[in-house]
Amino acid sequence: MEFKNLLFEKKENGIGLLTLNRPQALNALNKELIEELELFTQQLHEMPWSEVKALVITGAGEKSFVAGADIKEMSVYTQEQAQFFSKKGQKVFRNLESLKIPVVAAVNGFALGGGLELALSCDFIYASSNAKLGLPEVSLGLIPGFGGTVRLSRVVGLNKAREMVYSAEMITADEAFQCGLVNKVVAQVELMPTVMKTVETMISRGPIAVAKAKLMVLESYDMSIDAGLELEAINFGQLFKYQDTKEGTTAFSEKRKPQFKNV
Ligand code: CAA
């Protein structure tokens, strides 16, 4: 995969590392970068599990994860262009959110506006202690346009989301940890090793089970308890047609480590 604004590296263990690479603009999301992300997520959806078993997303440089959508580019948008841009970003982030593999945001600095919206579309966020997170759109006379008004409240609760969105204030990594927006805060040099350690654990588990668990957590969020439980039972049952399920349960009885094959 060759891109102008994205760097993609496949580690030997099967973890993919995607770096958003526009450091001159603090990795702001311009139209071109969003289009590259669209292509990237499409390609990842089509890739077999053995190629990329999990994805980590970060920003180039030590200062910023992603400082939002490109404000300079947006400043001349018409109403139609702005709506199109919003829909495009939403679609790309939805593609990302619906990948079957674990996707973790390694927030290494500013995660603002579209940058925080990108991180919110990942499964969860680890942040470096210098990170600052926020949805500053109303300070520009805008509202979040890549899903921030929808996803933030689901993670931090309605009132914290209201406070962050209406004030446009950034919060520190520690504050983000306290309100559940990020799962872990570590020194910047420790960020990537810490994320990789967690992700390595995840890719050692049954991949079909992890994919189903991911689907269930995402899909059942909006459901009634009864509908969610119904879907859970169906998915639980479906796992029993896979060899990996047999392998996992047999390995337990035989007191050995399971060898999952994604079959
Ligand atoms: N768009 C375009 N360029 C950006 C950018 C953005 N979102 N954020 C930073 N840059 C550019 C700056 O213009 C600057 O470029 P020049 O040197 O060519 O002027 C370069 O990146 C470095 O930035 P600063 O000099 O501003 O760095 P700083 O350390 O002084 O400040 C900052 C850092 C606080 C993050 C500041 O850059 C900032 O406030 N950026 C904008 C953050 C923001 O409002 N994001 C939300 C965008 S709107 C959005 O995302 C809508 C949506 O939901 C879809």
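Before reading on, note that the structure itself is shown above.
Described in the following lines is the structure provided in the data block. Treat the numbers as computed from the prediction; the structure is a model and nothing was measured. (Residues numbered from 1 in each chain as written. Predicted model: local features only at pLDDT ≥ 70, side-chain atom pairs only at ≥ 80, totals over all residues. Heavy atoms only, no water.)

**Concerning the sheet that holds strand β7 (residues 124–128)**
The strand order across the open sheet formed by 6 strands is β1-β2-β3-β5-β7-β10, and the pairing between neighbours is mixed. Looking at strand neighbours, the two that pair on one side only are β1 (6–10) and β10 (184–186), the edges of this open sheet. Going across the sheet, the axis of each strand differs from the next one's by a mean of 20°, ignoring polarity. Sheet analysis places β1 next to strand β2 (residues 15–20), joined by 5 bridges and oriented antiparallel. Across the sheet, residue Phe8 finds its bridge partner in β2, namely Leu18. Sheet contacts for helix α8 (residues 188–203): β2, β3 (54–59), β5 (103–107), β7 and β10; angle to β7, the most-contacted strand, approximately 155°. (Pairing = 2+ DSSP bridges. Helix = DSSP H or I, 4+ residues; strand = E, 2+ residues; numbered from the N terminus. Axes fitted to C-alpha atoms, helices over the stretch in contact; angles between N-to-C directions. Contact = heavy atoms within 4.5 Å.)

**Some thoughts on the site of the ligand**
Within the structure, the ligand sits among 24 residues, and Lys63, Ala69, Gly114, Glu117 and Glu137 are positioned closest to it. Backbone polar atom of Ile71 to a nitrogen atom of the ligand: 2.9 Å apart, as the coordinates give it. Within the backbone of Gly114, an N or O atom sits 2.8 Å from an oxygen atom of the ligand. (Near = heavy atom within 4 Å. Polar contact = N/O pair within 3.5 Å; in protein donor to acceptor, adjacent residues only side chain to side chain.)

**Concerning helix α1 (residues 31–46)**
Look at α1: 23 Å from first C-alpha to last across 16 residues, which is about the 22 Å you get at 1.5 Å a residue. Buried within α1 we find Leu33, Ile34, Glu36, Leu37, Glu38, Phe40, Thr41 and Leu44. In this structure, the buried side of α1 is in contact with β1, β2, β3 and α3 (79–97). (Expected span 1.5 Å × (residues − 1). Buried < 20%, exposed > 50% of the residue type's maximum accessible area, 1.4 Å probe, protein only.)

**Focus on unusual backbone geometry**
Even without being a glycine, Leu26 presents a positive backbone phi close to 50°. By secondary structure assignment, the location of Leu26 is in the loop between β2 and α1.

**Here's the deal with the sheet that holds strand β6 (residues 110–112)**
An order of β4-β6-β8-β9 is seen for the 4 strands of this open sheet, with the pairing classed as mixed. Of all strands in the sheet, those bounded by a partner on one side alone are β4 (64–66) and β9 (171–172). Pairing of β6 with strand β8 (residues 132–134) involves 3 bridges; the strand directions are parallel. Along β8, the bridge assignment pairs Phe110 with Lys132.

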